[in-house]
Amino acid sequence: MSLSLSLSLSLSLSLSLDCAAKLSFIVFETIISFENLCAAWQEFVCGKKAKKDVAEFSLNLSANLYTLHEDLKNKTYEHGAYHAFGISDPKPRSIHKATVRDRVLHHAIYRILYPHFDKKFAHDIYSCRNDKGVHRAVRRFYDFARKVSKNNTRTCWVLKCDIRKFFASVDHPSLMQVVERHIPEKDILWLLGKVIDSFESSPRRGLPLGNLTSQLLVNVYMNEFDRYVKHDLREKYYIRYADDFVFFSADRMQLEALIPQIGNFLDRALKLSLHPRKVSIGTWASGVDFLGWICFPDHRVLRTTTKRRALKLVIADPNLPRVASYLGMLRHGNAKGIERKICEIADRDKIKMKNKIPD
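Note that the structure is a prediction, hence the values are computed from the model and not measured. (Residues numbered from 1 in each chain as written. Predicted model: local features only at pLDDT ≥ 70, side-chain atom pairs only at ≥ 80, totals over all residues. Heavy atoms only, no water.)

**What about helix α7 (residues 100-118)?**
With 19 residues, α7 ought to run about 27 Å at 1.5 Å a step, and its terminal C-alpha atoms sit 26 Å apart, in line with that. The largest bend in α7 is about 35 degrees, located at isoleucine 112, with the proline proline 115 one to four residues further on. Counting buried positions over the 19 residues of α7 gives 17, a clear majority of the element. (Helix = DSSP H or I, 4+ residues; strand = E, 2+ residues; numbered from the N terminus. Expected span 1.5 Å × (residues − 1). Bend = angle between axes of the 7 residues up to and from the residue. Buried < 20%, exposed > 50% of the residue type's maximum accessible area, 1.4 Å probe, protein only.)

**Brief notes about helix α6 (residues 61-73)**
Given a rise of 1.5 Å per residue, 13 residues ought to cover 18 Å, and the 18 Å separating the end C-alpha atoms of α6 matches this to within 8%. Taken residue by residue, α6 has Leu61, Ser62, Leu65, Leu68, His69, Glu70, Asp71 and Leu72 as its buried positions. The first or second residue beyond α6 is lysine 75, which carries a positive phi of 60 degrees.

**Observations concerning the nonpolar core**
Counting 71 residues, the largest nonpolar core has Trp41, Phe225 and Phe245 as its most contacted members. Other than its neighbours up to four places away in sequence, phenylalanine 225 contacts Tyr238, Phe245, Ile262, Phe265, Leu266 and Leu270. Core analysis: the second largest hydrophobic core is formed by 21 residues, Cys156, Phe248, Leu291 and Leu302 among them. (Core = buried A, V, L, I, M, F, W, Y, C linked by side-chain atoms within 4.5 Å. Contact = heavy atoms within 4.5 Å.)

**What about the side chain of histidine 69?**
Relative to the elements of secondary structure, histidine 69 occurs in helix α6. Here isoleucine 32 takes part through its backbone oxygen, which lies 2.8 Å from a polar atom of the side chain of histidine 69. If near-sequence neighbours (up to four positions away) are discounted, histidine 69 is found in contact with Ile32, Ser33, Phe34 and Leu37. (Polar contact = N/O pair within 3.5 Å; in protein donor to acceptor, adjacent residues only side chain to side chain.)

**A few points about a positive patch on the surface**
A cluster of basic residues, Arg93, Arg164, Lys165, Arg277 and Lys278, forms a positive patch on the protein surface. Assignment of secondary structure puts arginine 164 in the loop between β3 (157-162) and α9 (166-169). (Patch = residues over 30% accessible without salt bridge, like charges linked within 9 Å, V, L, I, M, F, W, Y side chains within 5 Å. Areas by Shrake-Rupley, 256 points an atom, 1.4 Å probe, with all protein chains shown as cover. Salt bridge = Lys/Arg side-chain N within 4 Å of Asp/Glu carboxyl O. Lys, Arg positive; Asp, Glu negative; His and termini not counted. Charge placed at Lys NZ, Arg CZ, Asp CG, Glu CD.)

**With respect to the sheet that holds strand β4 (residues 238-241)**
Strands sit in the order β4-β5-β3-β6 across an open sheet of four strands; the sheet is antiparallel. Single-partner strands in this sheet number two, and they are β4 and β6 (280-283). Between one strand axis and the next, the sheet turns through 20 degrees on average, direction left out of account. As paired strands, β3 and strand β5 (residues 244-249) are joined by six bridges and run antiparallel to one another. Among the inter-strand pairings, lysine 160 is bridged to a residue of β5, identified as valine 246. The sheet strands contacting helix α12 (residues 212-232) are β4 and β5, and the helix crosses β4 at an angle near 170 degrees. (Pairing = 2+ DSSP bridges. Axes fitted to C-alpha atoms, helices over the stretch in contact; angles between N-to-C directions.)

**Quick word on the environment of arginine 205**
Within the element layout of this structure, arginine 205 appears in the loop between α11 (186-196) and α12. Separated by 31 residues in sequence, arginine 205 and serine 174 place their C-alpha atoms 9.6 Å apart. Reaching out from arginine 205, the side chain makes a polar contact with the backbone oxygen of serine 169 at a distance of 2.5 Å. Among the polar contacts made by the side chain of arginine 205, one reaches the main-chain carbonyl oxygen of lysine 271 at a distance of 3.2 Å.

**Let's talk about the packing of helix α4 (residues 34-45) against helix α5 (residues 52-59)**
Across the interface, α4 lies against α5 with an axial gap of 12 Å and an inter-helix angle of 150 degrees. Taken together, the axes of α4 and α5 are roughly antiparallel relative to one another. Classified by chirality, the crossing of α5 by α4 is left-handed. On α5, the residues touching Trp41, Phe44 and Val45 of α4 are Val54, Phe57 and Ser58. (Parallel < 35°, antiparallel > 145°, perpendicular 65-115°, else oblique. Left-handed = near helix turned anticlockwise from the far one by under 90°.)

**Describing the sheet that holds strand β8 (residues 293-295)**
Overall, antiparallel pairing links the three strands, which are arranged β7-β8-β9 in an open sheet. What marks the edges here is a single partner per strand, and that holds for β7 (288-290) and β9 (300-302). For this sheet, the mean inter-axis angle between neighbouring strands, taken without regard to orientation, is 30 degrees. Bridge analysis of β7 against β8 gives three bridges, and the strand direction is antiparallel. The residue bridging phenylalanine 290 from the neighbouring strand is tryptophan 293, located in β8.

**Focus: unusual backbone geometry**
In this structure, aspartate 131 takes a positive phi of about 60 degrees despite not being glycine. Topologically, aspartate 131 is positioned in the loop between α7 and α8 (134-148). Residue classification places aspartate 131 among the exposed residues on the basis of a relative accessible area of 63%. The phi torsion at lysine 150 lies on the positive side, around 50 degrees, for a residue other than glycine.

**Topic: the packing of aromatic side chains**
Within the structure shown, the criterion is met by 20 aromatic pairs. Residues tryptophan 41 and phenylalanine 44 carry aromatic rings whose centres are separated by 5.9 Å and whose planes lie at 45 degrees to one another, so their mutual orientation is tilted. Taken together, the positions of tryptophan 41 and phenylalanine 44, both in helix α4 and three residues apart, correspond to about one turn of that helix. According to the relative accessible area criterion, tryptophan 41 is buried, its value standing at 7%. Judged by relative accessible area, phenylalanine 44 falls into the buried class, the value being 1%. Centre to centre, the rings of phenylalanine 225 and phenylalanine 265 are 6.2 Å apart; their planes meet at 40 degrees, and the pair counts as tilted. Of this pair, phenylalanine 225 sits in helix α12 while phenylalanine 265 sits in helix α13 (residues 252-270), and the two are 40 residues apart along the sequence. Phenylalanine 265 sits in the buried class, given a relative accessible area of 9%. Here the aromatic residues Phe141, Tyr142, Phe144, Tyr237, Phe248, Trp284 and Phe290 are joined through ring pairs into a cluster of three or more. Over the ring of phenylalanine 44 we find lysine 48, and its NZ or CZ is 4.7 Å from the ring centre. (Phe/Tyr/Trp six-rings, centres within 6.5 Å; stacked < 30°, edge-to-face > 60°. Lys NZ or Arg CZ within 6 Å of the ring centre and 35° of its normal.)

These values are about where atoms sit, not about what they do.
Structure follows, in structure tokens:
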């Protein structure tokens, strides 16, 4: 099948795929269909056409996608190896990148499963979801803090937690048990099992940070915890972003009582543990470090390590997209000083013109 034909097919069937995602069940054939693989390729290739491995895969695109489709249909598909590399933004992390063929499949899985799972997630889960993200999470933080403090007329206590080695600690059998409760179709479970078991940080544990499917799967996994918090503990003021989560209360002792309960649930149900050095209770008035910002009642400032990282990266490579990205982030808080420094490092006239930065 020609590339032009496959692209036209993917476009013509986009509506039917959207409809399929809205059904109460998911069909394996929809995920592995040639049309869905074509649509996944279009999403995957954006911004990557110049990459060597992507360019090589695209030379025989139709044949490569058709072979992938046939391997999936015949259950002969095997996930490939990963290429590991390190980053230091904001802290040292090990990233594992799959082959182009596998990453296209990840996109194909994600575009069908994400709508199915997203509607099951609690409202105040902000990581890796459409129309959510860091800035909306921080705004919700302020909404909850104002409600609990009754517009800053009483003390608002905040319990802040973090899970120890989150991605590396996800237990494969436990994750599959969670997935099975939402997806009964054995063929889809076989496919997800191939993706989940393609990587291990320790025996039967860990998800790679580089996989698109990992972003979805950790939310599916942690949805068990979110449901426990909302339905069993009945905590109204709770926000989670990946493995960072916060609780709000006017009663410090109530928050202290939560710590062993949530710790026990994470250990028993998900085989995860709270980071012993990243569990803290403080007042909103004294400032709470949340998603890179120190949040106070009347303002928020950028975390010192985030400031240093921003300056270091801009000094190393003051390109326009990077500068614009940081300036866009800084406008969400009180960060005029660091904004001026970044503008001085970069070409100020160009940044003004592109981003309309006022003097």
